[in-house]
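Now for the letters of each chain:
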Amino acid sequence: MNSLATPGIGLAVLCVVLVVAAAAVYRVAELGPVTVAPKAAARAVIQLAVVALILAAALAALWSSVLVLLVMFVAAVFTAAQRARAGRSAAWLTVSLGAGLVATLLPMLLSGVVPLTGVAVVPIGGIILGGTMTATSLAARRALDALTERFGEVEAALSLGFLDRDARMEIIRTSATDALLPGVDQTRTVGLVTLPGAFVGVLVASGSAMHAAAVQVLVLLGLLLAQSCAVAMTIELVATGRVHRQHPAAPRSRAVR
């Protein structure tokens, strides 16, 4: 098995050098406070150390692995809700994230391609969840921004006889395409522009390029499905008014008929 970044004095010294160099660049280029990089590095070390200890114990049993994935899901919902800036209504984004995760992870497990073990479920589920969270929050935020900025167009569509849901959907549908672009571009350019984390991780762990490629393809195609399901659900929630913002200059439209 290959070894990369083995914990030890050499790794510690190199990490300190990298952080000091980053702080020096901040100082010379006046990018901000010199303490930004050291503080971020210290936080990363502490968080990853804690996570590593938890995972070492949690991945030993399936039930504890599912618990870890559940905690990650809650954190993803909270993060997406914050980015959407939709107040309490953003809690509905739980449905979007859940739809994307279930639609992807369930067939992976039922097919046996991903074994029902903690060491497999948590990494794959975490990658799928992270990508789905990004697409969901981006779709919700851009859709709500579009409704605020183009509220007059929604009212014009309503005056022409459109239902509330259809009038909003005409405005926000483009935001769905924009939210899916990062995932689609990553899939199109994989191996040409970047080598994603799943590929590198499996390559380093197993030494097999074919094994790494197979895992990465599974992850990327899973992300395409998860993100498309989540974004489709998100714009539907926005279009039906379940996820919304209160705006003083633009009162909410009439209830969905």
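This structure is a prediction, so every number in the text was calculated from the model and none was measured.

Now, about the overall build of the protein: what can you tell me, with residues and values included?
The number of helices and strands found in the protein is nine helices and zero strands. Every one of the 257 residues in the protein was classed for burial, and the buried ones make up 34%. The contacts of the protein with a sequence gap of at least 6 include a subset with a gap of at least 24, amounting to 71%. On the protein, roughly 14,700 Å² of surface is accessible, and the fraction owed to carbon and sulfur atoms is 71%.

Give a detailed account of the side chain of Thr104, specifying residues and quantitative values.
Looking at where Thr104 falls in the secondary structure, it is placed in helix 4 (residues 93–110). You can call Thr104 buried: its relative accessible area is 2%. Engagement of the side chain of Thr104 in a polar contact is seen with the backbone oxygen of Gly222, the distance being 3.3 Å. Beyond its immediate stretch of four places on either side in the chain, Thr104 contacts Ile128, Gly222, Leu225 and Ala226.

Describe the side chain of Ser65, listing the residues and the values that go with them.
Note on placement: Ser65 falls in helix 3 (residues 62–84). Every residue in contact with Ser65, bar those within four places of it in the chain, is listed here: Ala58, Leu59, Gly118 and Val122.

Which residues make up the confidence of the model for the protein, and what are the values?
Summarising the model, the protein shows a mean pLDDT of 83, and 88% of its residues fall at 70 or more. Per-element mean pLDDT across the protein ranges from 63 in helix 8 (residues 197–206) up to 93 in helix 4. Overall, residues 248–257 carries pLDDT values under 50, and its contacts beyond four positions in sequence, including any with other chains, amount to 21 contacts.

Describe the pattern of salt bridges, naming the residues involved and giving the relevant values.
Where charged atoms of side chains with opposite charge meet at close range, the side chains can pair. All chains considered together, the criterion is met by six salt bridges. Put simply, Arg142 and Asp178 hold a salt bridge, and the shortest N to O gap is 3.6 Å. Separated by 36 residues along the polypeptide, Arg142 in helix 5 (residues 118–149) and Asp178 in helix 7 (residues 164–189) bring together distant segments of the chain. Here Arg165 makes a salt bridge to Asp166, at a shortest N to O gap of 3.1 Å. If you follow the salt bridges from partner to partner, you end up with Arg85, Asp145 and Arg245 in one network.

Any chance you could break down a nonpolar patch on the surface for me, citing the residues and the numbers?
A cluster of nonpolar side chains, contributed by Trp63, Leu67, Leu70, Val71 and Val74, occupies part of the molecular surface with about 560 Å² of accessible area. Of note, Leu67 is situated in helix 3.

Go over the environment of Val19, please, and point to the residues and values.
Relative to the elements of secondary structure, Val19 occurs in helix 1 (residues 9–29). Once residues within four sequence positions are removed from consideration, Val19 is found in contact with Ala37, Pro38 and Ala41.

Account for the nonpolar core, with residues named and values stated.
Among the nonpolar cores identified, the biggest contains 47 residues, and Leu93, Leu97, Leu105, Ile128, Ile172, Val238 and Val243 are the most heavily contacted of them. Going through the elements one at a time, helix 3, helix 4, helix 5, helix 6 (151–159), helix 7 and helix 9 (209–239) are the ones with two or more residues in this core. Of the residues forming this core, the biggest block, 13 residues, is contributed by helix 5. When sequence neighbours within four positions are dropped, the list of residues in contact with Leu105 reads Leu69, Val121, Ile124 and Gly125.

What counts, and at which threshold
Residues numbered from 1 in each chain as written. Predicted model: local features only at pLDDT ≥ 70, side-chain atom pairs only at ≥ 80, totals over all residues. Heavy atoms only, no water. Helix = DSSP H or I, 4+ residues; strand = E, 2+ residues; numbered from the N terminus. Buried < 20%, exposed > 50% of the residue type's maximum accessible area, 1.4 Å probe, protein only. Contact = heavy atoms within 4.5 Å. Areas by Shrake-Rupley, 256 points an atom, 1.4 Å probe, with all protein chains shown as cover. Polar contact = N/O pair within 3.5 Å; in protein donor to acceptor, adjacent residues only side chain to side chain. pLDDT = per-residue confidence, 0-100. Salt bridge = Lys/Arg side-chain N within 4 Å of Asp/Glu carboxyl O. Patch = residues over 30% accessible without salt bridge, like charges linked within 9 Å, V, L, I, M, F, W, Y side chains within 5 Å. Core = buried A, V, L, I, M, F, W, Y, C linked by side-chain atoms within 4.5 Å.

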